[in-house]
Amino acid sequence: MPFIPHTEVDTEAMLREIGVANIENLFDEIPENLRVKALPPIPPSLTEMELTRLMKSRAAADSGLTSFIGAGAYEHHIPAAVWEVTSRGEFLTAYTPYQAEASQGTLQLLYEYQTMMASLMGLDVSNASLYEGATALAEAILMAVRANRRNTSHRIVIPQSVHPYYREVVKTIVSQLKIEIIELPFHPDTGQCDISSIASDFTALVIPQPNFFGQLEEVDALTDWAHEKNALVIGVVNPLAMSLIKPPGQWGKNGADIACGEGQPLGVPMASGGPYYGFLCCKKDWVRQLPGRIVGRTVDKDGKQGFVLTLQAREQHIRRAKATSNICTNQGLLVTASTIYMSLLGPMGLRQVALASHQNLRWLKDKIENLSGVKVLFSGTFFHEMVLQFSYSVTDIIEEMDKQQIAAGLSLEHFYPKLKNTLLVCVTETKSLEDLEQYVDCLQKTLAKFAESPFKKISGE
Amino acid sequence: MNSVPTKLKYSRTHEWIRQDDDVLTIGITDHAQTMLGDLVYVELPEPESNVELGHECAVVESVKAAADVYSPISGEVIEINEALLENPQLVNEDPYGKGWLFRVRPFENEHDFNKLLTAEQYTKQVASEAH
Amino acid sequence: MTEIIFELSSKGRLASAQIPPIKKMISDIPDKFLRKDTPMIPEMSELEVVRHFTRLSRKNFSIDTQFYPLGSCTMKYNPRGVHRLAMLDGFLQRHPLATEAHSQGYMASAYELQEILKTITGMTGVSLTPMAGAQGEFAGVAMIHAYHRSRNDLARNEILVPDAAHGTNPATAAQCGFKVREIPTDANGNVDLESLKKAVGPQTAGIMLTNPSTLGVFEQQIQEIANIVHTAGGLLYYDGANLNAILGKVRPGDMGFDVMHINLHKTFATPHGGGGPGGGPVAVNERLRPFLPMPIVAKEGERYRWLTIADCPQSIGRLSAFMGNAGIILRAYMYARLLGQEGMQRVAEFATLNANYLLTRLKKAGFTPAYATRRASHEFIITLKNEAKTLHITALDVAKRLLDYGFHAPTMYFPLLVPECLLIEPTETESKKVLDAFADTLIKILEEAKDNPALLQNAPHTLPVKRLDEVKAARDIDVVWHP
């Protein structure tokens with residue numbers, strides 16, 4: 001049996017010490033009728049060698065594509081040192097740092113992370129992570145509802161230009177409580193959010209930057225507008241972009257109150273969807289409302305610097321039903337990787353990754369604008385993602401390019417029924433000139449092929 | 001032994017009350033602050049807001065607990081102890097004096113106040129809680 | 001002492017191998033959108049970064065370096081092969097929204113894990129998406145809520161929770177808009193049935209339980225409890241934190257539970273990583289299957305596909321932007337494949353053997369178990385309340401002194417019911433040698449307490465820091481470094 005070290009000699013000695021004849025006796029308090037007699041079959045055990053063969057073939061089945069899909073999970077180069085160091089046993093197999101003296105490595109790392117993330121967001125404080133971006137947004141909303149004493153309507157305004165899956169998760173979580181979501185439409189020309197339809201007051205406004213379409217929103221005007229209405233402002237942002245783009249703490253006259261989002265772009269691989277981590281930062285007025293763990297610096301009995309989990313009285317293990325959140329386990333390992341990544345890249349490096357990604361997309365956009373049968377949607381300023389609209393079925397386009405081992409992008413029709421035949425395309429610094437030329441070439445050939453076939457053209461577009 | 005001044009009244013939930021004319025001063029008892037440990041933060045009600053008998057109106061937070069303070073009376077908050085925002089440990093050092101939490105003008109006077117515990121009754125209650 | 005990283009930073013220093021070249025620094029983004037200042041992120045060489053974080057790692061206790069008998073956390077060995085295989089390029093580089101045609105490898109693994117979890121829990125439906133136990137609890141309570149609503153049973157606004165429950169239980173119930181009512185525990189560590197009977201009624205949505213309970217003993221009257229709650233119209237939620245005690249031996253579905261979560265980072269050995277990530281898949285019986293959170297993997301013939309909200313209109317919805325902690329799901333799957341049928345049943349046997357052996361050794365040495373007449377499950381509680389009176393040392397003091405001897409302390413002060421308690425869970429991957437060393441050390445520490453209690457009260461002495469001032473940390477809040 002893998003990982004169980006007991007020899008027969010050990011087992012016998014232990015049973016003797018306890019005073020029972022065999023291990024089954026130790027289960028004698030469990031009612032007989034509950035004991036499983038025969039477990040229905042599950043696959044028999046594999047050795048590590050056999051498992052390796054199986055998993056290698058499964059992994060191979062999923063590889064080989066050059067991917068241009070973004071939509072909340074981004075491919076960036078991760079220096080080897082990041083996961084080499086993160087995979088050290090002392091980081092990988094450590095637990096929650098409740099015994100602070102035995103966890104100074106993790107705790108100091110988290111303090112450094114909190115500093116970097118808060119600063120990246122232009123805000124005062126950060127927590128030590130939540131599960132991922134969408135749940136971080138949900139927690140930010142719950143936090144705003146708790147914190148905003150000046151508007152207790154519990155109405156939250158969320159643009160439709162926020163990631164559709166984020167909005168679904170928010171709905172799942174806030175629908176358990178009496179919180180009303182008001183959706184903001186977007187301008188069909190610019191792809192930016194359109195506040196003209198909002199008449200009522202509200203507790204908080206969510207502003208994405210960039211938004212799901214890759215468009216940059218008018219964050220200053222939106223922030224000031226919300227603050228004038230006594231609402232709090234929650235920025236949901238791409239943290240890598242914030243090395244280049246103005247962060248939430250610097251929006252409008254007074255800055256956004258809360259910033260949240262997905263930390264994956266900073267040193268975490270796409271890894272089929274997770275694990276990632278959510279970040280949550282805020283102005284210092286709201287620090288006691290921050291859910292999740294927070295690390296603080298203090299001193300020990302000898303006056304030496306040390307780190308501890310602090311403000312724990314707000315958490316579930318102490319406050320129970322009145323806790324700021326039910327969260328216990330967070331995403332510590334991913335924060336470890338992210339902190340090492342940020343330290344390796346430095347502020348200039350992060351900026352350069354963001355710029356390289358954007359410039360690569362810009363190159364692609366310029367080439368695509370010259371093709372017929374496709375146009376680039378939305379006239380505003382974009383950042384590293386764009387929306388293309390085709391004169392043909394986008395599903396067919398994706399399928400055709402897939403044959404050339406290219407994942408062309410994400411179809412948006414399912415999420416935005418009015419945006420017919422649209423594709424969200426992302427480019428990062430990982431794409432070489434050859435990759436980009438190949439994309440253009442493949443797309444051009446696909447469009448030409450469909451142009452010839454009378455059945456592919458969609459009328460009226 | 002924790003002190004229980006005889007001039008004050010008490011609630012079952014470990015608050016003390018002092019009456020001066022039509023104003024009541026409220027705090028938490030010596031027993032309560034001992035159980036909580038060093039206070040790190042106190043969240044007080046808003047001045048001019050109303051508090052309701054038996055309902056949560058404030059929170060006292062230590063490293064190991066965040067306890068609700070229940071209002072022993074219904075009334076309007078007329079003053080809060082702002083010194084506690086910078087120095088929450090005043091509650092530990094002087095729970096019946098400098099560590100007062102807030103002052104209330106009650107809506108109804110005699111009736112509710114007489115339902116509160118005397119020092120003797122409170123001492124008995126605390127003794128029975130210990131086991 | 002290791003300096004804080006910002007103190008090691010030097011303006012202009014770069015790890016240039018990691019920075020992508022760009023043709024020009026100017027961008028076409030209008031000025032109003034651009035950031036003007038520089039964020040507080042250090043500027044260092046690659047060696048400096050590697051050295052700093054490697055040094056930090058060496059200040060940590062971990063399963064790889066120390067025995068970690070944290071009750072309720074199941075700190076068993078995290079298999080390295082599993083970690084390496086989860087990081088294979090094909091899995092690591094796959095975008096979560098890749099088409100199904102390019103996801104069959106991952107989906108096959110997820111699907112098979114769903115099936116394995118159904119089998120060992122005795123349930124008929126599984127969703128792998130919740131990312132930790134607390135999120136699994138949220139999903140479970142939300143499903144209970146949805147179930148009652150679907151039957152127009154709208155008066156059910158209360159969730160029952162034993163007073164010994166883990167804090168996430170009442171916190172979750174409150175997050176779902178329920179009132180929480182606590183049920184007392186009797187002297188034998190079981191839920192008090194008489195109180196339970198009085199507490200149930202038309203307002204009862206359900207009860208959240210762990211079995212074995214947080215007190216480390218098996219809830220023997222579980223079938224009566226199930227009967228009482230079901231008769232009143234409520235449902236039963238199983239907190240899977242202690243599944244390691246009964247894996248393959250008892251199935252929560254058979255005990256009468258309607259819904260449960262499994263902690264992959266406990267029972268299925270996925271790495272704890274300094275606080276996470278975890279995995280909290282939920283398993284349900286037929287009654288609750290329509291409400292499972294999305295997405296779920298389905299199999300049609302030989303192909304796998306995602307079930308979405310369109311397929312499952314009554315689903316409580318999505319719990320994450322993608323499909324939860326995919327890498328953790330893969331690791332748990334691989335662990336289950338390494339264990340196989342026989343290995344799966346041995347886990348609980350040896351976890352229970354280890355716990356009972358350690359309990360016996362400590363009892364014989366004069367320690368006081370919380371429930372002296374009960375068997376240990378995979379964990380047990382000893383209370384130091386007598387030692388606190390006679391020797392003036394607390395559970396905290398003993399825990400801190402254990403650190404000096406190179407053992408991570410057990411869980412302290414949980415469950416809240418037992419004063420001065422240590423909740424000890426050795427897990428099945430520890431040998432008799434380690435257990436003996438631990439027991440001998442505890443005995444030695446108690447001897448130290450008789451001669452020199454200050455040794456415990458001032459512990460730890462040999463770690464990077466001594467006891468830390470937590471009051472100062474909470475009063476003078478310093479959570480971000482400033483130059």
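Residues numbered from 1 in each chain as written. Chains lettered and ligands numbered in written order. Predicted model: local features only at pLDDT ≥ 70, side-chain atom pairs only at ≥ 80, totals over all residues.

## Section: the overall build of chain A
Link 1 in the chain: Counting its regular elements, chain A contains 12 helices and 15 strands.
Link 2 in the chain: In terms of overall dimensions, chain A has a C-alpha envelope of 85 × 55 × 50 Å along the principal axes.
Link 3 in the chain: The burial tally for chain A puts 60% of its 461 residues in the buried class.
Link 4 in the chain: Of the contacts formed within chain A by residues at least 6 apart in sequence, a portion of 74% connects residues at least 24 apart. (Helix = DSSP H or I, 4+ residues; strand = E, 2+ residues; numbered from the N terminus. Buried ≥ 20, exposed ≤ 12 C-beta atoms within 10 Å, placed from the backbone. Contact = placed C-beta atoms within 7 Å.)

## A look at the overall build of chain B
Link 1 in the chain: Per the secondary structure count, chain B includes five helices and nine strands.
Link 2 in the chain: Helices and strands in chain B line up, N terminus first, as β-β-β-α-β-β-β-β-β-α-α-β-α-α.
Link 3 in the chain: Expected size for 131 residues packed as a compact globule is a radius of gyration near 14 Å; at 14 Å, chain B falls within 12% of this value.
Link 4 in the chain: Along the three orthogonal principal directions, the C-alpha set of chain B runs to about 35 × 35 × 20 Å.
Link 5 in the chain: Burial analysis of chain B (131 residues in total) assigns 38% to the buried set. (Rg over C-alpha atoms; globule rule 2.2 N^0.38 Å.)

## Considering the sheet that holds strand S12 (residues 411-412) of chain C
Residues and elements named next belong to chain C.
Link 1 in the chain: The strand order across the open sheet formed by four strands is S10-S11-S13-S12, and the pairing between neighbours is antiparallel. Strands at the two margins of the open sheet, each flanked by one partner only, are strand S10 (368-369) and S12.
Link 2 in the chain: The strands touched by helix H10 (residues 326-364) are S10, strand S11 (380-383) and strand S13 (421-424); relative to S11, the strand with the most contacts, the crossing angle is about 20°. (Pairing = 2+ DSSP bridges. Axes fitted to C-alpha atoms, helices over the stretch in contact; angles between N-to-C directions.)

## Focus: the packing of H10(C) against helix H13 (residues 432-451) of chain C
All names here are of chain C.
Link 1 in the chain: Where H10 meets H13, the axes come as close as 10 Å, and the angle between the chain directions of the two elements is 30°. What the angle tells us is that H10 and H13 run roughly parallel. Our pair here, H10 against H13, has a crossing hand that is right-handed. Along its contact with H10, which presents Asn354, Tyr357, Leu358, Arg361 and Leu362, the element H13 presents Leu435, Ala439 and Leu442. (Parallel < 35°, antiparallel > 145°, perpendicular 65-115°, else oblique. Left-handed = near helix turned anticlockwise from the far one by under 90°.)

## Brief notes about the sheet that holds strand S7 (residues 258-262) of chain A
Residue and element names in this part refer to chain A.
Link 1 in the chain: Here seven strands make up an open sheet; going across it, the order is S2-S8-S7-S6-S5-S3-S4 and the pairing mixed. The open sheet is flanked by strand S2 (125-126) and strand S4 (180-184), the only strands paired with a single partner.
Link 2 in the chain: Looking at chain direction, S7 and strand S8 (residues 278-282) are connected through five bridges and run antiparallel. Its bridge partner lying in S8, Glu262 is registered against Gly278.

## Observations concerning the environment of Gly167(C)
Link 1 in the chain: Within the secondary structure layout, Gly167(C) lies in the loop between strand S2 (158-162) and helix H6 (168-175).
Link 2 in the chain: Judged by the 21 C-beta atoms lying within 10 Å of it, Gly167(C) is buried.
Link 3 in the chain: In the structure, Gly167(C) is positioned 289 residues away from Leu456(C) in sequence and 29 Å away in space, judged by C-alpha atoms.
Link 4 in the chain: Contacts of Gly167(C), omitting those with residues within four sequence positions, involve Gln316(A), His317(A), Ile318(A) and Arg320(A).

## A short note on the interface of chain A and chain C
Much of the literature gives interface size as the accessible area that the parts lose upon coming together.
Link 1 in the chain: Between chain A and chain C, the contact holds 165 residues from the first and 167 residues from the second.
Link 2 in the chain: Sorting elements by how many residues they give to the side of chain A that touches chain C places helix H10 (residues 332-368) of chain A first, with 21 residues.
Link 3 in the chain: Within the side of chain A that touches chain C, the residues separate by chemical class into 88 nonpolar, 49 polar and 28 charged. (Nonpolar A, V, L, I, M, F, W, Y, C, P; charged D, E, K, R; others polar.)

## With respect to the domain arrangement of chain A
All names here are of chain A.
Link 1 in the chain: By the assigned domains, chain A splits into domain 1 (8-52), domain 2 (66-72 + 347-452) and domain 3 (80-341).
Link 2 in the chain: Look at where the C-alpha atoms of domain 2 and domain 3 centre, and you get two points 29 Å apart.
Link 3 in the chain: Across the contact, 20 residues belong to domain 2 and 18 residues belong to domain 3.
Link 4 in the chain: Among the secondary structure elements, those contributing two or more residues to the side of domain 2 that touches domain 3 are H10 and strand S12 (385-390).
Link 5 in the chain: In terms of residue count, the dominant contributor to the side of domain 2 that touches domain 3 is H10 (six residues).
Link 6 in the chain: Its residues assigned to classes, the side of domain 2 that touches domain 3 comprises 13 nonpolar, five polar and two charged. (Domains from an automatic or database assignment.)

## A short note on the pairing of S11(C)
Residue and element names in this part refer to chain C.
Link 1 in the chain: Taken together, the two bridges between S10 and S11 define a ladder with antiparallel strand orientation. Across the sheet, the residue bridging to Thr368 is Thr383, located in S11.
Link 2 in the chain: Note: S11 against S13, four bridges, orientation antiparallel. Within the sheet, the bridge partner assigned to Ile382 lies in S13 and is Leu422.

## Let's talk about unusual backbone geometry
Link 1 in the chain: For the bond from Gln209(A) to Pro210(A), the omega torsion is -10°, close enough to zero to count as cis.
Link 2 in the chain: Looking at the secondary structure, you find Pro210(A) in the loop between strand S5 (204-209) and helix H8 (219-228).
Link 3 in the chain: The omega torsion across Gly276(C) and Pro277(C) is 10°, close enough to zero to call that bond cis.
Link 4 in the chain: Within the element layout of this structure, Pro277(C) appears in the loop between strand S6 (259-262) and strand S7 (282-284).
Link 5 in the chain: Here Gln405(A), not a glycine, exhibits a phi torsion of approximately 65°, which is positive.

## A look at the packing of helix H4 (residues 104-121) of chain C against H10(C)
Residues and elements named next belong to chain C.
Link 1 in the chain: Direction vectors running N to C along H4 and H10 enclose 50°, while the axes themselves pass 9 Å from each other. When the axis of H4 is compared with that of H10, the two are oblique. As for the relative orientation of H4 and H10, their crossing is left-handed in sense. Two secondary-structure elements touch here, H4 through Tyr106, Ser109, Ala110, Glu112, Leu113, Ile116 and Ile120 and H10 through Ala326, Ile329, Leu330, Ala332, Tyr333, Ala336 and Met344.
Link 2 in the chain: Residue composition of the contact of H4 with H10, by class: 12 nonpolar, one polar and one charged.

## A look at helix H5 (residues 133-150) of chain C
Residues and elements named next belong to chain C.
Link 1 in the chain: The first and last C-alpha atoms of H5 sit 25 Å apart over 18 residues, in line with the 26 Å expected at 1.5 Å per residue.
Link 2 in the chain: Of all the 18 residues making up H5, 15 are buried; the element is thus mostly covered by neighbouring parts of the structure.
Link 3 in the chain: A positive backbone phi angle near 60° is found at Asn152, which sits one or two residues after H5. (Expected span 1.5 Å × (residues − 1).)

## Digging into the interface of chain A and chain B
Link 1 in the chain: Each side of the interface is counted separately: chain A has four residues, and chain B has five residues.
Link 2 in the chain: Classifying every residue of the side of chain A that touches chain B gives two nonpolar, no polar and two charged.

## Structural notes on the pairing of S7(A)
Residue and element names in this part refer to chain A.
Link 1 in the chain: Taken across its five residues, S7 has five buried, putting it largely inside the fold.
Link 2 in the chain: Pairing between strand S6 (residues 232-237) and S7: four bridges, direction parallel. Within S7, the residue paired with Val236 across the bridge is Cys260.

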